[in-house]
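Chain by chain, the residues:
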Amino acid sequence: MNRIILSLFVAVFTLTVNAQITTPQPSPLQKIEQIVGLTDITVEYSRPGVKGRTIFGDLVPFNEIWRTGANANTKITFSTDVTIDGNKIEKGSYTIFSIPAEKSWEIVIYEETKSGTPKKLDETKIVAKVNVATQNIPMVIETFTISFDDMTTNAAVLGIMWENTYVGFKIETPVEEMVTKQITTVMNGPSSNDYYAAAVYYLENGKDIKKAQTWIDKSVEMTADSPKFWVLHRQALIHAKAGNKKGAIKAATASLKLAEKAGNAGYVKMNETYLKEWGAM
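Fair warning: this is a prediction, and the values are worked out from it, not measured in the lab.

Cut-offs and rules
Residues numbered from 1 in each chain as written. Predicted model: local features only at pLDDT ≥ 70, side-chain atom pairs only at ≥ 80, totals over all residues. Heavy atoms only, no water. Helix = DSSP H or I, 4+ residues; strand = E, 2+ residues; numbered from the N terminus. Buried < 20%, exposed > 50% of the residue type's maximum accessible area, 1.4 Å probe, protein only. Contact = heavy atoms within 4.5 Å. Axes fitted to C-alpha atoms, helices over the stretch in contact; angles between N-to-C directions. Parallel < 35°, antiparallel > 145°, perpendicular 65-115°, else oblique. Left-handed = near helix turned anticlockwise from the far one by under 90°. Nonpolar A, V, L, I, M, F, W, Y, C, P; charged D, E, K, R; others polar. Expected span 1.5 Å × (residues − 1). Arc of directions from axis to C-beta.

Asker: I'd like a rundown of the overall build of the protein, residues and numbers included.
Answerer: Across its full length, the protein holds 7 helices and 10 strands. Based on the C-alpha atoms only, the size of the protein along its principal axes is roughly 90 × 75 × 35 Å. Taken over 281 residues, the protein has a buried fraction of 37%. If you take every contact in the protein between residues at least 6 apart in sequence, the share linking residues at least 24 apart comes to 54%.

Put into structure tokens, the structure is as follows:
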């Protein structure tokens, strides 16, 4: 009986020690996502409150680097290249630092995303820097807020507001370039890789081998100036399966020569094996 009581006591004590109390964060994390044109933009930041304090010029000093929020650095991610104030920024994730002043802010898009606000920014890691004028808000914005404003087909203003202050900077996305590229691709029809992929799928899944033969021939024809040994090898296999041994031997022979030139022993061996099987070696 004593052992049972002791075991129960240990179990209760263990649960008490391991118990954790979860309470709301004073500056909760928010993640916002917006499609601008054809670009996905994501912002992750923490949202402190005013809570009766003077914010800009006091809690957030003027002319000092600020993480633009609370807790971890505010992070922005672009799914494509974008442009901010004439600066082209490659797709990826960045930190948004800001240096508030009474009448304007300096917004800095920074390469490094690890937590911590440096005392001085490394100029080599600054990918964009833009000065924006502050705008007075006629009411108190209690919770620090980032938003996507003034949306167009290719741009948006990233708005930052807290207390009685609003600032915003424009992000432009390459909509015209992306759409034009898509139109050109569609109008030009399938690429060599498209024909190759379709032919290989049909070969490997036992589908219409005649269609596969047509597609692989188109792929090879489109790369006649710079043939690829792996494409020619697949052409040989497809022609062989379609009953065209002569075409298979021709393709395998060409593939063998290119594979030898490239020093690819694997394809050299595979081509030699099939050429022997087809009586060409």
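Asker: I'd like a description of the environment of G86, backed by residues and values.
Answerer: Tracing the backbone through its elements, the reader meets G86 in the loop between β4 (82-84) and β5 (87-89). Through-space distance from the C-alpha of G86 to that of E172 is 9.1 Å; in sequence the pair is 86 residues apart.

Asker: Describe the environment of N154, with residues and values.
Answerer: Within the fold, N154 resides in the loop between β9 (135-149) and β10 (155-172). When the C-alpha atoms of N154 and E111 are compared, they prove to be 23 Å apart, with 43 residues separating the residues in sequence.

Asker: Could you give an account of the side chain of S219, naming the residues involved and the relevant values?
Answerer: Note on placement: S219 falls in helix α4 (residues 209-222). Taking the relative accessible area as the measure of exposure, S219 reaches 1% and is therefore buried. Sequence-distant contacts of S219, defined by excluding residues within four places in its chain, comprise S192, Y195, Y196 and V231.

Asker: Explain the packing of helix α5 (residues 229-241) against helix α6 (residues 245-262) to me, and be specific about the residues and the numbers.
Answerer: It is at 8 Å that the axes of α5 and α6 come closest, and there the two elements cross at 160°. Looking at the two axes, α5 sits roughly antiparallel to α6. In this structure, the crossing between α5 and α6 has a hand that is left-handed. Contact residues: α5 offers F229, L232, H233, Q235, A236, H239 and A240, while α6 offers G247, A248, A251, A252, A254, S255, L258, A259 and A262. Class assignment for the residues of the contact of α5 with α6 results in 11 nonpolar, 5 polar and no charged.

Asker: I'd love a proper account of the packing of α5 against helix α7 (residues 265-277), names of residues and values included.
Answerer: With their axes 11 Å apart at the nearest point, α5 and α7 run at an angle of 20° to one another. It follows that α5 is roughly parallel to α7 by the angle criterion. Of the two possible hands of crossing, α5 and α7 adopt the one that is left-handed. Touching F229, W230, H233 and L237 of α5 are Y267, M270, N271 and Y274, all from α7. Residue composition of the contact of α5 with α7, grouped by class: 6 nonpolar, 2 polar and no charged.

Asker: Any details on α7? Residues and values, ideally.
Answerer: For α7, built from 13 residues, the straight-helix expectation of 18 Å at 1.5 Å per residue is met to within 8% by its first-to-last C-alpha distance of 18 Å. For α7, the set of buried residues is V268, N271 and L275. The arc that holds the buried residues of α7, viewed along the axis, is 75°, so those residues lie on one side. Projecting away from the buried face of α7 at angles above 90 degrees are the exposed residues A265, K269, K276 and E277. Phi for G279, located one or two positions after α7, is positive at around 80°.

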